[in-house]
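Fold and contact review
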Amino acid sequence: MLDSLLSFGGLVLLRDSVEWEGRSLLKALVKKSALWLVYHDFFRDPLNWSKTEEALPGGPLGALRAICKRTDPGPITIALDSLSWLLLHLPCTTLCQALHAVSHQDSCPGDSFPVGKVSVLGLLHEELHGPGPVGALSSLAQTEVTLGGTKGQASAHILCRRPRQRPTDQTQWFSIFPDFSLDLQEGPSVESQPYSDPHIPPVDPTTHLTFNLHLSKKEREAKDSLILPFQFSSEKQQALLRPRPGQATSHIFYEPDAYDDLDQEDPDDDLDI
Amino acid sequence: MAAVATCGSGAGTTGSAVATASKSNVTSFQRRGPRASGTNDSGPRLVSIAGTRPSVRNGQLLVSTGLPALDQLLGGGLAIGTVLLIEEDKYNIYSPLLFKCFLAEGIVNGHTLLVASAKEDPANILQELPAPLLDDNSKKEFDEDVYNHKTPESNIKMKIAWRYQLLPKMEIGPVSSRFGHYYDASKRIPQELIEASNWHGFFLPEKISSTLKVEPCSLTPGYIKLLQFIQNIIYEERFDGSNPQKKQRNVLRIGIQNLGSPLWGDDICCAENGSNSHSLTKFLYVLRGLLRTSLSACIITMPTHLIQNKAIIARITNLSDTVIGLESFIGSERETNPLYKDYHGLIHIRQIPRLNNLICDESDVKDLAFKLKRKLFTIEVDFIS
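Residues numbered from 1 in each chain as written. Chains lettered and ligands numbered in written order. Predicted model: local features only at pLDDT ≥ 70, side-chain atom pairs only at ≥ 80, totals over all residues. Heavy atoms only, no water.

**Brief notes about the overall build of chain B**
This is how the line gets drawn: Only DSSP runs of H or I reaching four residues or more are called helices, and only runs of E reaching two or more are called strands; each is numbered from the N terminus. Categorising residues by exposure relies on relative accessible area from a 1.4 Å probe, with only protein chains included: less than 20% of the type maximum marks a residue as buried, more than 50% marks it as exposed, and the intermediate range marks it as partly exposed. In what follows, a contact means two residues having at least one pair of non-hydrogen atoms within 4.5 Å. Per-residue and other accessible areas were derived by the Shrake-Rupley procedure at a 1.4 Å probe size, with only the shown protein chains allowed to occlude residues.
Each helix and strand counted, chain B has ten helices and 14 strands in total. Residues counted as buried form 47% of the 385 residues belonging to chain B. In chain B, once contacts between residues fewer than 6 apart in sequence are set aside, the share between residues at least 24 apart is 71%. Taken as a whole, chain B presents about 20000 Å² of accessible surface, with 53% of it coming from carbon and sulfur.

Take a look at the structure:
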């Protein structure tokens, strides 16, 4: 599933940490999906003071919005090397709005071409931010990949949220070759679970009582075969239970006996006239 | 002692009572005096608008929330002029369903809709509304659902209480009621119903240009625009009663999705002490003022699990009228707990308003769980916990 992450579109959030870095996975995914690569470097010269590159107004956010107005109909993947860097320079709400606008363009205003699917792949160093921005970005993300691992083996926990469906999650072990190609692997050798309780027998509360609550087999049989009073035979039960045609609710059967007087004016029969 | 025998063999008076009951579809009790719903020649103090009914407790005009089970828990329905706040569940799966049922109820009753969202285009939201279960085939749906629910347990034979064996396990309620309809979550609402309805949409990215500078103001610009939009609609379509001689009055149903999320430009989900942390509370205050002076009801879904400052959640709860929290079991340890295996999540009723009243209409049960069956969303009392 790791290799088909970008096929769903939307925002894919890669959360890494100091122990398990995600930049190599980002590059591997870019390499897998990219046919035509355009590279914008905003780190070295964010305000374009040296005027070497073509002036993209508005900095990185302006570049994102410019991609929004493209006319190329093919699917496109935008990889953001670090959303953390953007979060430190821009207000979180602006970034969320821009990412949402870019990743959801079914119909871009002003375009007459049907636009292909846009995937935005963003790398977020979750230890740099508080729970607020991380929570906000992960609620926007279509897919969230959290990197972890044990004992030198990296794993990616993938949580995929499809709209209106239950989120599915999956853990995939992988490693990255030096040429940034992705190698999917099975998990490490399964060891004994670190948290296996010693088997505690379930406590039976009826053991240490001064009276006997257990039934022996003969007593149980006698109990089951006991005919209760007012219990009809099973044929009569079924006949009574069978629902009458046209009535689904329960009904009460009543046969008025000799002392009953169905007088609506005086149902309790206590008026003295 | 006398009892009503519905098999028709009783006296003539009982038969006619049953006949009139089935004709009026309300109850088998006849109310003396003026009828409270439906008639056009009732006194001037009773308003007769389609899809509303007065509360049995204090006469407050109520609309249905789209889920009859939820209506019962809220004391009959949602009062006109109030806000229903739904705290979203963590992955936002079930709260959109409640939101859409509210809007679908508006379409079925012919109310005017106002849908506001920063995430999805309102036209797309309306396309995804659930289809109403209408009278003739809804009974079949219920029987099918009840039967499916019953089959695993029908082989438990009761020895003493055997007469109750075939009774359905839960209260389904009157099938053909004009207040509160049932919806089929797996089907879409027919297109002609949407086209016949009157709706207004507010999609934030279209209304706000991206290069707008954020001026230092107490409310974020998105909220200001939304409040102006709502006020315009109320004024133009006369929901505030400014021209009472006009045609039949109608109710405006407002639905605001994901309020407070960063897509609205509000940073309470991102930071604990943001620059405009009072923006949302002011918005709710102004919104409540607009609602109280017009014939409208509002549903808001809010991702409160993302809000960092817990004091803000308490303020938001106080500023809304009815607050319901959804907690789904997905991803939590309760998902594998065998006690909760029949349910998909819990519903918490956090607040019910006291409108013109000293006490509120609280239901006695507090442990409520919901499940989204194949088609229906049901709320049941969770007897386990």
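**Structural notes on the overall build of chain A**
Helix and strand counts for chain A come out as seven helices and seven strands. Each helix and strand of chain A, placed in order from N terminus to C terminus, yields the pattern β-α-α-β-α-α-β-α-β-β-β-β-α-α. Classification of the 273 residues of chain A by burial places 33% in the buried group. Considering only contacts within chain A whose residues lie at least 6 apart along the sequence, 60% involve residues at least 24 apart. Total accessible area on chain A is roughly 18700 Å²; 57% of this is exposed by carbon and sulfur atoms.

**So, a nonpolar patch on the surface**
Where we set the bar: Here a patch means residues that are over 30% exposed by relative accessible area and free of salt bridges, tied together within 9 Å if like-charged and within 5 Å if nonpolar (Val, Leu, Ile, Met, Phe, Trp, Tyr). The working definition used for a salt bridge is a side-chain nitrogen of Lys or Arg within 4 Å of a carboxyl oxygen of Asp or Glu.
Together, Leu209, Phe211 and Leu213 of chain A make up a nonpolar patch on the protein surface, roughly 290 Å² of accessible area in all. Mapping Leu213 of chain A onto the fold places it in the loop between strand E7 (182–185) and helix H6 (217–224).

**So, the sheet that holds strand E1 (residues 52–54) of chain B**
Residue and element names in this part refer to chain B. Selection criterion: Pairing between two strands is assigned when DSSP locates at least 2 bridges connecting them.
Within the open sheet, the three strands sit side by side as E1-E2-E3. Their pairing is antiparallel. Strand pairing shows two members of the sheet lacking a second neighbour, E1 and strand E3 (78–79), which therefore form its edges. Two strands pair when backbone bridges link them, and strand E2 (residues 61–63) and E3 are joined in this way by two bridges, in the antiparallel orientation. Within E3, the residue paired with Val63 across the bridge is Leu78.

**Things to note about the confidence of the model for chain B**
Under the convention used in this document: One number per residue, pLDDT, summarises how confident the predictor is, and it ranges from 0 to 100.
The predicted model of chain B averages 77 in pLDDT, with 73% of residues at 70 or higher. Below a pLDDT of 50 lies the segment residues 171–177 of chain B, which in the model reaches eleven contacts outside its immediate sequence neighbourhood of four places, other chains included.

**Some details on the pairing of strand E10 (residues 296–302) of chain B**
Every regular strand shows the same layout, with side chains that alternate between the two sheet faces. All names here are of chain B. Counting buried positions over the seven residues of E10 gives seven, a clear majority of the element. Side chains of E10 alternate between two faces, with Ser296, Cys298, Ile300 and Met302 and Ala297, Ile299 and Thr301 buried alike. As defined by bridge partners, strand E4 (residues 83–87) adjoins E10 across five bridges and the pair is classed as parallel. Of the residues in E10, the one forming a bridge with Glu87 is Met302. Relative to E10, strand E9 (residues 252–256) runs parallel, the two sharing five bridges. In the strand pairing of E10, Leu252 is matched with Ser296.

**Examining the pairing of E7 of chain A**
Residues and elements named next belong to chain A. Pairing geometry for strand E6 (residues 168–176) and E7, over four bridges, is antiparallel. Considered in E7, the bridge of Ile176 is made with Leu182. With antiparallel pairing between neighbouring strands as the criterion, E6 and E7 make up a hairpin whose turn holds five residues, including Phe180 at a positive phi of roughly 60 degrees.

**Let's talk about the packing of aromatic side chains**
For any pair of aromatic rings, geometry is given as the distance between the ring centres together with the angle between the planes. All names here are of chain B. Condition: Think of it this way: a Phe, Tyr or Trp ring, Trp meaning its six-membered ring, pairs with another when their centres are within 6.5 Å, and the plane angle makes it stacked under 30 degrees, edge-to-face over 60, tilted otherwise.
Scanning the entire structure with this criterion turns up seven aromatic pairs over all chains. Measuring from ring centre to ring centre gives 6.2 Å for Tyr223 and Trp264, while their planes differ by 35 degrees; the resulting arrangement is tilted. Residue Tyr223 is located in helix H8 (residues 221–236), and its partner Trp264 is located in the loop between E9 and helix H9 (279–292); the two are separated by 41 residues in the primary sequence. No difference in accessibility class separates Tyr223 from Trp264, as the two residues are buried.

**A few points about the packing of H8 of chain B against H9 of chain B**
Residues and elements named next belong to chain B. Let me state the cut-off plainly: Helix axes are fitted to C-alpha atoms over the stretch in contact, other axes to C-alpha atoms as well, and angles between N-to-C directions run from 0 to 180 degrees. What sets the label is the angle itself: under 35 degrees gives roughly parallel, over 145 gives roughly antiparallel, 65 to 115 gives roughly perpendicular, and the rest give oblique.
The interhelical angle for the contact between H8 and H9, taken along N-to-C directions, is 5 degrees, at an axis separation of 11 Å. When the interaxial angle is binned, H8 and H9 end up roughly parallel. Judged by residue contacts, Tyr223, Leu226, Leu227, Ile230, Gln231 and Ile234 of H8 engage Ser279, Leu280, Phe283, Val286, Leu287 and Leu290 from H9.

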